[in-house]
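# Per-entry structural report
Spelled out, the chains give:
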Amino acid sequence: MYKYYPAPRFEKNQTVEFVGGIGKIKNYYSESNSWVYLVEMAMGQEPDFGRIGYETTIILPEPDVISPTIPLE
């Protein structure tokens, strides 16, 4: 028997908000009847000491992601 997973609320490259900032969806996958998103945080000005690697990509569960174009339920 196949399980039905609802479609993800957000799409790749969509700008979203979350506690702590804004960013763009880079990828997503289903996990435990929900969706998990890889979000690349918007980068501000480069600090004097430079940037190191991928420190701007975070993993967020769907309830933690907000979009101004999708109302909260």
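This report concerns the structure included in the present document. (Residues numbered from 1 in each chain as written. Predicted model: local features only at pLDDT ≥ 70, side-chain atom pairs only at ≥ 80, totals over all residues. Heavy atoms only, no water.)

Glancing now at the pattern of salt bridges. For the coordinates displayed, the defined rule picks out one salt bridge. The shortest N-O distance in the salt bridge between Glu40 and Lys26 comes to 4.0 Å. Here Glu40, found in strand β3 (residues 34-41), pairs with Lys26, found in strand β2 (residues 21-31); they are 14 residues apart in sequence, far enough to count as distant. Taking relative accessible area as the criterion, Glu40 reaches 32% and is therefore assigned partly exposed. (Salt bridge = Lys/Arg side-chain N within 4 Å of Asp/Glu carboxyl O. Helix = DSSP H or I, 4+ residues; strand = E, 2+ residues; numbered from the N terminus. Buried < 20%, exposed > 50% of the residue type's maximum accessible area, 1.4 Å probe, protein only.)

Structurally, Glu62 can be placed in the segment after β4 (57-61). Within the buried set, Glu62 has no salt-bridge partner at all; the shortest N-O distance to an opposite charge, 5.3 Å, is to Arg9. Of the polar contacts made by the side chain of Glu62, one reaches the side chain of Tyr37; its length is 2.6 Å. Once residues within four sequence positions are removed from consideration, Glu62 is found in contact with Pro8, Arg9, Phe10, Ser34, Trp35 and Tyr37. (Lys, Arg positive; Asp, Glu negative; His and termini not counted. Polar contact = N/O pair within 3.5 Å; in protein donor to acceptor, adjacent residues only side chain to side chain. Contact = heavy atoms within 4.5 Å.)

Okay, the environment of Tyr29 next. Summarising the element assignment, Tyr29 is placed in strand β2. For Tyr29, a relative accessible area of 34% corresponds to the partly exposed category. Residues Tyr29 and Pro61, spaced 32 residues apart in sequence, show a C-alpha to C-alpha distance of 9.9 Å.

The strand order β1-β2-β3-β4 describes an open sheet built from four strands, whose pairing is antiparallel. Because the sheet does not close on itself, it has two edges, and the strands there are β1 (15-18) and β4. Neighbour-to-neighbour, the strand axes of the sheet open up by a mean angle of 50 degrees, direction not taken into account. Of the strand pairs in this sheet, β3 and β4 are connected by five bridges, and their pairing is antiparallel. Of the residues in β4, the one forming a bridge with Leu38 is Ile59. (Pairing = 2+ DSSP bridges. Axes fitted to C-alpha atoms, helices over the stretch in contact; angles between N-to-C directions.)

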